[in-house]
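# Per-entry structural report
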Amino acid sequence: MASYSELQQCVISGDKTRVKELTQAFLDNGKLPKEILDEGLIPGMAVVGKKFEACEFFIPEMLLSARALNAGLDLLKPLLEASDVKPIAKVLIGTVQGDIHDIGKNLVSAMLRGGGFEVIDAGVGVSPDQFVELAKETGVDIVGLSALLTTTMTAMKDTVQAFESDGSRNKIKIMIGGAPVTTKYAEEIGADGYARNASAAVEMAKKLIGAR
Ligand code: HCB
């Protein structure tokens, strides 16, 4: 049986085929999707980030790793999303303007669906006005914002502001997440909550609905 460190290594080296094989092998051996994520795929990607920071990796390597991680996620997503419960609330989620990182957002979407939420995925590079329009059109209860860059975090503040200006801020709860974001930042920009990972996002979404 392969080890999680081997799976991490395959994400780091961007070996898409092997990541797929190993993820399937772990599933066949009865491992839980969440364990495969938390012990294998995500720690592998964390190393990629550190290597990029240390200038040992560049964009092409990051892209290969992202593609490899997605190959594993494709197998896990349907399992994370499986839920027969009637939707408890509707969530609109998207990566903010100027930002194209979507792995974390996709994971949060899958876990929210698995947690009984209906999720509308707005995609990446979503402008504040687009968030407001989509939230109105779809009548969501929660809006989830994702940002991975310190330069795009500010779009979260603009998005909260856009809901304020539109007069619809009191109708929805706003949750934020992504590597550079913190609880303190959520408070600063007037968001209702911060989640550090996908499981925490499900807990936070439940809390926000209960708090309404
Ligand atoms: Co990108 N990148 N990147 N990148 N990237 C980061 C984010 C850096 C931290 C790498 C580094 O320097 N250490 C860095 C940002 C530095 C900073 O701003 N402080 C960085 C940079 C600089 C850039 C470019 C600017 C590089 C360049 O062009 N010079 C460029 C930006 C392009 C743009 O967006 N305009 C860029 C591009 C890329 C790609 C395309 C090569 C690729 C993205 C592929 C894709 O997403 N489809 C990429 C990747 C893969 C990364 C790293 C390596 C991994 C990100 C990731 O997927 N993590 C990342 C390093 C890192 O984060 N450690 C690096 C795994 C997921 C599961 O974690 O944190 O995204 P997550 O999500 C969690 C959590 O935050 C939370 O739950 C998720 C699940 O557990 N969460 C939410 C996320 N969103 C939420 C929303 C909610 O409402 C609630 C919870």
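Everything numeric in this text was worked out from a predicted model, so none of it was measured. (Residues numbered from 1 in each chain as written. Predicted model: local features only at pLDDT ≥ 70, side-chain atom pairs only at ≥ 80, totals over all residues. Heavy atoms only, no water.)

Expected angles at a metal are 109.5 degrees for tetrahedral coordination by four donors and either 90 or 180 degrees for octahedral coordination by six donors. Protein coordination of the cobalt atom of the ligand rests on one atom only, His101 (NE2), at 2.3 Å. With respect to the element layout, His101 can be found in the loop between β1 (90–96) and α5 (103–114). (Donors = N, O, S within 2.8 Å, 3.2 Å for Na, K, Ca; no water. Helix = DSSP H or I, 4+ residues; strand = E, 2+ residues; numbered from the N terminus.)

Turning to the domain arrangement of the protein, a few remarks are in order. The domains assigned to the protein are domain 1 (4–82) and domain 2 (90–209). On a C-alpha basis, the centres of domain 1 and domain 2 stand 24 Å from each other. Taken together, the contact between domain 1 and domain 2 spans 12 residues of the former and eight residues of the latter. The contact between domain 1 and domain 2 buries some 830 Å² in all, and 73% of this surface belongs to carbon and sulfur atoms. The three residues of domain 1 that bury the most area against domain 2 are Lys34, Leu80 and Glu81, which together make up 48% of that side's buried surface. Linking domain 1 with domain 2 are one salt bridge, by the criterion used here. Between Arg113 and Glu81 there is a salt bridge whose closest N-O contact spans 3.5 Å. Between the two partners, domain 1 and domain 2, sit two residue pairs in polar contact (both at pLDDT 80 or more). Sort the elements by how many residues they give to the side of domain 1 that touches domain 2 and helix α4 (residues 59–81) lands first, with seven residues. (Domains from an automatic or database assignment. Contact = heavy atoms within 4.5 Å. Buried area = accessible area lost by both parts, 1.4 Å probe. Salt bridge = Lys/Arg side-chain N within 4 Å of Asp/Glu carboxyl O. Polar contact = N/O pair within 3.5 Å; in protein donor to acceptor, adjacent residues only side chain to side chain.)

The subject of this paragraph is the packing of aromatic side chains. Applying the stated rule across the entire model yields one aromatic pair. Look at Tyr4 and Phe26: their rings are 4.5 Å apart centre to centre, the planes differ by 25°, and that puts the pair in the stacked class. Separated by 22 residues along the polypeptide, Tyr4 in helix α1 (residues 4–12) and Phe26 in helix α2 (residues 16–28) bring together distant segments of the chain. Comparing Tyr4 with Phe26, the two get one shared label, buried. One residue, Lys51, lies across the ring of Phe57, its end atom 5.6 Å from the ring centre. (Phe/Tyr/Trp six-rings, centres within 6.5 Å; stacked < 30°, edge-to-face > 60°. Buried < 20%, exposed > 50% of the residue type's maximum accessible area, 1.4 Å probe, protein only. Lys NZ or Arg CZ within 6 Å of the ring centre and 35° of its normal.)

Quick look at the side chain of Thr95 now. Take Thr95: it is sitting in strand β1. You can call Thr95 buried: its relative accessible area is 0%. Excluding its chain neighbours within four sequence positions, the residues that come into contact with Thr95 are Ile100, His101, Asp102, Lys105, Gly123, Val124, Gly125, Val126, Phe131 and Ser146.

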